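Summary of structural features
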Amino acid sequence: MALLSILHYPDPRLKKVAKPVSVVDERVRTLVRDMAETMYDAPGVGLAATQVDVHEQIIVIDISEAHDDLRVFINPEIIEASAELKEAEEGCLSVPGIYDSVERPDRIRVKALNKFGEPFELEADGLLAVCIQHEMDHLRGRVFVDYLSQLKQSRIKGKMRKLERESA
Ligand code: GNR
Ligand code: NI
């Protein structure tokens, strides 16, 4: 097992678009295990491969209190999204200390492969729906900050660069 290091906004590598996984093999399962370990250690409720500088369509999520309900999504696709939107407070391990509201579809239906490469579908609402959409954004090179006003974005960039300097 290994802890992976998480990229911090505004690192340009967070803008890379992830490629689909062609074969779900041991290499992918090892990456999934390391991503889960990194997510639990952080701690966070989700992690996209993009955040650990791997540009493949892989997501891990666990929204359970007990950290015993790991969900893995490989090559995820949203196949249905409710017209009804919902605003919720989001945070991101790549933008530590920043929380703000984002509006997204309230309910979604997702299709993906599990860690054995088998297809499955899932309907999600609440925090799980928010999290899946947040992680899928990472795979497309987007972070939740991109939805905020330009003024907020530049303030957040300034804050992140200052933090980065202080920890260097
Ligand atoms: O840990 C996380 N919490 C969270 C809270 C509200 C909405 C989304 C998230 S995802 C985040 C982990 C992360 O950055 N995943 O990319
Ligand atoms: Ni995030």
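Residues numbered from 1 in each chain as written. Chains lettered and ligands numbered in written order. Predicted model: local features only at pLDDT ≥ 70, side-chain atom pairs only at ≥ 80, totals over all residues. Heavy atoms only, no water.

This paragraph deals with the overall build of the protein. Looking only at helices and strands, the protein has three helices and seven strands in total. Sequence-ordered secondary structure for the protein, helices as α and strands as β, is α-β-β-β-β-β-β-β-α-α. For 168 residues, the compact-globule estimate of 2.2 N^0.38 gives 15 Å, and the protein sits close to it at 16 Å. When the backbone C-alpha atoms are referred to their principal axes, the protein occupies close to 45 × 40 × 30 Å. Taking all 168 residues of the protein together, the buried fraction comes to 44%. A separation threshold of at least 6 residues defines the contact pool for the protein, and within that pool the share at least 24 residues apart is 64%. Of the roughly 9200 Å² of accessible surface on the protein, a fraction of 50% belongs to carbon and sulfur atoms. If you average the places of the 23 positive and of the 30 negative side-chain charges in the protein, the two averages end up 7 Å apart. (Helix = DSSP H or I, 4+ residues; strand = E, 2+ residues; numbered from the N terminus. Rg over C-alpha atoms; globule rule 2.2 N^0.38 Å. Buried < 20%, exposed > 50% of the residue type's maximum accessible area, 1.4 Å probe, protein only. Contact = heavy atoms within 4.5 Å. Areas by Shrake-Rupley, 256 points an atom, 1.4 Å probe, with all protein chains shown as cover. Lys, Arg positive; Asp, Glu negative; His and termini not counted. Charge placed at Lys NZ, Arg CZ, Asp CG, Glu CD.)

So, about the site of ligand 1. Taken together, 13 residues are adjacent to ligand 1, and Val45, Gln51, Leu93, Glu135 and His138 come closest. Here an oxygen atom of ligand 1 and a side-chain polar atom of glutamine 51 are 2.8 Å apart. At 2.6 Å from an oxygen atom of ligand 1 is found a side-chain nitrogen or oxygen belonging to glutamate 135. With the chains in place, 89% of the 380 Å² that ligand 1 exposes on its own is no longer accessible. Using a 2 Å cut-off from the grid points, one finds that ligand 1 occupies the largest pocket. (Near = heavy atom within 4 Å. Polar contact = N/O pair within 3.5 Å; in protein donor to acceptor, adjacent residues only side chain to side chain. 1 Å grid on protein atoms, 1.4 Å probe; cavity = no way out; pocket = protein on both sides within 12 Å on 5 of 7 lines; lining within 4 Å. Sits in = over half its atoms within 2 Å of the grid points.)

In this model, the largest pocket occupies a volume close to 390 Å³. Around the largest pocket, the lining comprises 19 residues; the ones closest to its centre are Val45, Glu90, Gly91, Cys92 and His134. Of all the elements in the fold, those that place two or more residues in the lining of the largest pocket are strand E4 (85-90) and helix H2 (126-139). The element that contributes the greatest number of residues to the lining of the largest pocket is H2, accounting for six residues. Here the residues of the lining of the largest pocket sort into nine nonpolar, seven polar and three charged. Approximately 210 Å³ is the volume attributed to the second largest pocket. Surrounding the second largest pocket, Arg29, Val32, Arg33, Ala36, Leu70, Arg71, Val72, Phe73, Asn114, Lys115, Phe120 and Leu122 form its lining. Within the residue set of the lining of the second largest pocket, elements represented by two or more residues are helix H1 (26-41), strand E3 (71-81) and strand E7 (119-125). The greatest single-element share of the lining of the second largest pocket, amounting to four residues, is contributed by H1. The residue inventory of the lining of the second largest pocket, partitioned by class, reads seven nonpolar, one polar and four charged. (Points joined across faces, edges and corners; volume = space filled by probe spheres on them. Nonpolar A, V, L, I, M, F, W, Y, C, P; charged D, E, K, R; others polar.)

Attention now goes to the packing of aromatic side chains. Inspection of every chain in the model, using the stated rule, returns one aromatic pair. For the ring pair phenylalanine 73 and phenylalanine 120, a centre distance of 5.7 Å and an interplane angle of 45° mean the geometry is tilted. Remark: phenylalanine 120 occurs in strand E7 and phenylalanine 73 occurs in strand E3; sequence separation between them is 47 residues. When its relative accessible area of 24% is taken as the criterion, phenylalanine 120 is described as partly exposed. Its guanidinium or amino end placed over the ring of tyrosine 147, arginine 142 lies 5.1 Å from that ring's centre, counting from NZ or CZ. (Phe/Tyr/Trp six-rings, centres within 6.5 Å; stacked < 30°, edge-to-face > 60°. Lys NZ or Arg CZ within 6 Å of the ring centre and 35° of its normal.)

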